[in-house]
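Fold and contact review
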Amino acid sequence: MSLIVQKFGGSSVRDTQRLLNVAEIVSEAYDNDNDIVVVVSAQGKTTDELIAKAGEITSKPSKREMDALMSTGEQISAALLVMALNERGYPAVSLTGWQAGFQTDRNHTRARIKRIDKERIENELDKKRIVVVTGFQGINRYDDITTLGRGGSDTSAVALAAALNADRCLIYTDVDGVYTADPRLVKGAVKLDEITYDEMLELATLGAQVLHNRSVELAKKYNVELEVLSSLERLPGTIVKEVAKVEKLMITGVAKDDKVARIALLGLPDKPGVAFKVFSLLASNRINVDIILQSIGRDDTKDITFTVSDSEKQAALDVLQSQAAIIGIEEIVADCNISKVSIVGAGMESNPGVAARMFEALGESNINIHMISTSEIKISVLIDKELGSKAVAAIHAAFEV
Ligand code: ADP
Ligand code: ASP
Ligand code: MG
């Protein structure tokens, strides 16, 4: 007998017909003599709708109340799925993040899982029940509901697979695996049979929403092999693991992130310690900074430009504004009309000319690059948002992936 964790995303449970389809997949796995723990997301666009409802009331909702609100979506899916399983004659029980033992830190709306108290789940499994857990949520040490950040149900599933030492962790979604680019954006995108944790982590962090990046981090840390597969077609998916079969591809994938904001600090004093003041201020406010560019000093001043996620733009502007006079910032300019387009691939380290080929593809498509950042296995460029999809297609074609 094996223990299998199956996670179903929002589109896989979006309506009654899809829920019934999920109930069929789950019951088949149960019939094959497995213990089954299911993790579900909110139905379809429920989480977006809940956020929009809050927005009708306030532009600055309390994060604690946002978590209380957003966590309701997953409860609907879990209860309905259990009803569907019961209708088919299967014993099942739904558990909220709290009931399932998900203890998180205090960071509302993007909490991290600290531990999972597994007794309740194990008791239910001992009773031969299918356990359906709400994804994306837990509680903090004050017993307040927390959520794990958008797309966080993947992380709930991987954390459970690690805690329960599951034999398999299957991430069911609306595409049949991980592709070399978003298959909805690039017609010629190719499905990968396997991908390494490191490459998948980069792709997920750079905007390929097919897996939550924290889920890949956890999978790597606890060596949980994942399979990303379709809930609609019975096809083998993509395996995410430590060492993938060597592909002949120089790059593994192209990703695009539209949720980026660029902030430029103009007229800073050109002297030591200024960058430290700016970035320590942002760090102490838990604002993650991505690409950083500093201009050459001129007339004793310099400019620093950097990117943050668009959801953190306002918070970044507020703290910088409040300290502008002390740091010596003359002017702050923010811009959300940009996209970050990246290529990822372990093969790039040993292949000179990868960056040149990417920039050539952009140049030939008349796409101007605003910022560039590189690491061993990725190159990212910042470009105008309206050119994002064109850029992904051009780069993908240039590498013939
Ligand atoms: P779920 O609701 O199942 O969690 P998501 O919408 O979060 O699903 O993620 C699946 C989507 O990720 C796909 O529909 C696809 O458009 C998108 N996606 C982006 N990049 C990739 C990629 N490289 N491979 C596969 N899917 C991708
Ligand atoms: N429902 C949450 C979201 O839409 C979590 C998830 O789907 O993984 O972000
Ligand atoms: Mg998702």
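We now turn to the structure provided with this report. In this convention, every chain numbers its residues from 1, walking through the sequence in written order. Following the order in which they are written, the chains are lettered starting with A and the ligands numbered starting with 1. Residues qualify for local features only when their pLDDT is at least 70, as the model is predicted, and side-chain atom pairs are given and counted only at 80 or more; totals for whole chains, interfaces and linings, by contrast, use all residues. Remark: hydrogens and water are excluded; side-chain values derive from all non-hydrogen atoms of the structure.

1. Quick word on the packing of aromatic side chains
- Classification of ring pairs rests on two measures: the distance between centres of Phe, Tyr or Trp rings, Trp counted by its six-membered ring, which must be within 6.5 Å, and the angle between planes, read as stacked under 30 degrees, edge-to-face over 60 and tilted in between. Inspection of the entire model under this criterion finds three aromatic pairs.
- Note on F8 and Y172: the rings are 4.6 Å apart at their centroids and 10 degrees apart in plane angle, and the pair reads as stacked. In this pair, F8 is assigned in strand β1 (residues 2-8) and Y172 in strand β9 (residues 168-173), connecting sequence segments 164 residues apart. Note on accessibility: F8 and Y172 belong to one class, buried. Runs of H or I in DSSP of at least four residues are treated as helices and runs of E of at least two as strands, each being numbered from the N terminus. Summary of the burial criterion: residues with accessible area below 20% of their type's maximum are buried, those above 50% are exposed, and those between are partly exposed, where the area comes from a 1.4 Å probe applied to protein chains only.

2. Some details on the nonpolar core
- Membership of the largest hydrophobic core comes to 44 residues, with the highest contact counts inside it found for V37, I121, L160 and M200.
- Residues count as neighbours in contact if any of their non-hydrogen atoms are within 4.5 Å of one another. Excluding its chain neighbours within four sequence positions, the residues that come into contact with I121 are V37, L95, A100, V131, V133, L160 and L164. Definition of nonpolar core: a set of buried residues of the types Ala, Val, Leu, Ile, Met, Phe, Trp, Tyr and Cys, connected through side-chain atoms within 4.5 Å.

3. Overview of the sheet that holds strand β2 (residues 34-40)
- A pair of strands is considered paired only if DSSP assigns at least 2 bridges between the two. Taken together, eight strands build an open sheet; the order of strands is β3-β6-β2-β1-β9-β11-β12-β10 and the sheet is mixed. Every interior strand has two partners, whereas the edge strands, β3 (92-95) and β10 (194-196), have only one. The mean angle between the axes of side-by-side strands here comes to 20 degrees, regardless of whether they run parallel or antiparallel.
- Two strands pair when backbone bridges link them, and strand β11 (residues 226-230) and strand β12 (residues 238-241) are joined in this way by three bridges, in the antiparallel orientation. Paired with E227 across the bridge in β12 is I239. In this description, a line fitted to the C-alpha atoms serves as the axis of each element, helices being fitted only across the stretch in contact, and the angle between N-to-C directions of two axes falls anywhere from 0 to 180 degrees.

4. Some details on the site of ligand 1
- Each residue is tested against the molecule or strand, and it is near if at least one of its non-hydrogen atoms lies within 4 Å. Around ligand 1 sit 18 residues in total, of which T173, D174, Y179, D182 and R184 are the nearest.
- Between ligand 1 and G10 there is a distance of 3.1 Å, counted from an oxygen atom to a backbone nitrogen or oxygen.
- Contacts described as polar in this section are N or O atom pairs within 3.5 Å, which, within protein, must combine one atom able to donate a hydrogen with one able to accept it, while residues neighboring in sequence count only if both atoms come from side chains. Between ligand 1 and D182, the relevant distance is 2.8 Å, taken from an oxygen atom to a side-chain nitrogen or oxygen of the residue.
- Protein chains bury 88% of the 580 Å² of accessible surface belonging to ligand 1 in isolation.
- Throughout, the ten residues Ala, Val, Leu, Ile, Met, Phe, Trp, Tyr, Cys and Pro are labelled nonpolar, Asp, Glu, Lys and Arg are labelled charged, and all others, Gly among them, are labelled polar. Residue classes in the shell around ligand 1 are distributed as eight nonpolar, six polar and four charged. With residues, only the protein chains shown are counted as cover, and all accessible areas are computed by Shrake-Rupley using a 1.4 Å probe.

5. Let's talk about the site of ligand 2
- Taken together, S41, A42, T47, E74, F136, R150, G151, G152 and S153 make up the full set of residues near ligand 2.
- Between ligand 2 and the protein, one listed contact pairs an oxygen atom with a side-chain N or O atom of R150 at 2.7 Å.
- At a separation of 2.8 Å, an oxygen atom of ligand 2 approaches a polar backbone atom of G151.
- Out of a free accessible area of 260 Å², ligand 2 has 86% covered by protein chains.
- Looking at side-chain class alone, the shell around ligand 2 contains two nonpolar, five polar and two charged residues.

Limitation: the analysis is restricted to geometry and does not speak to function.
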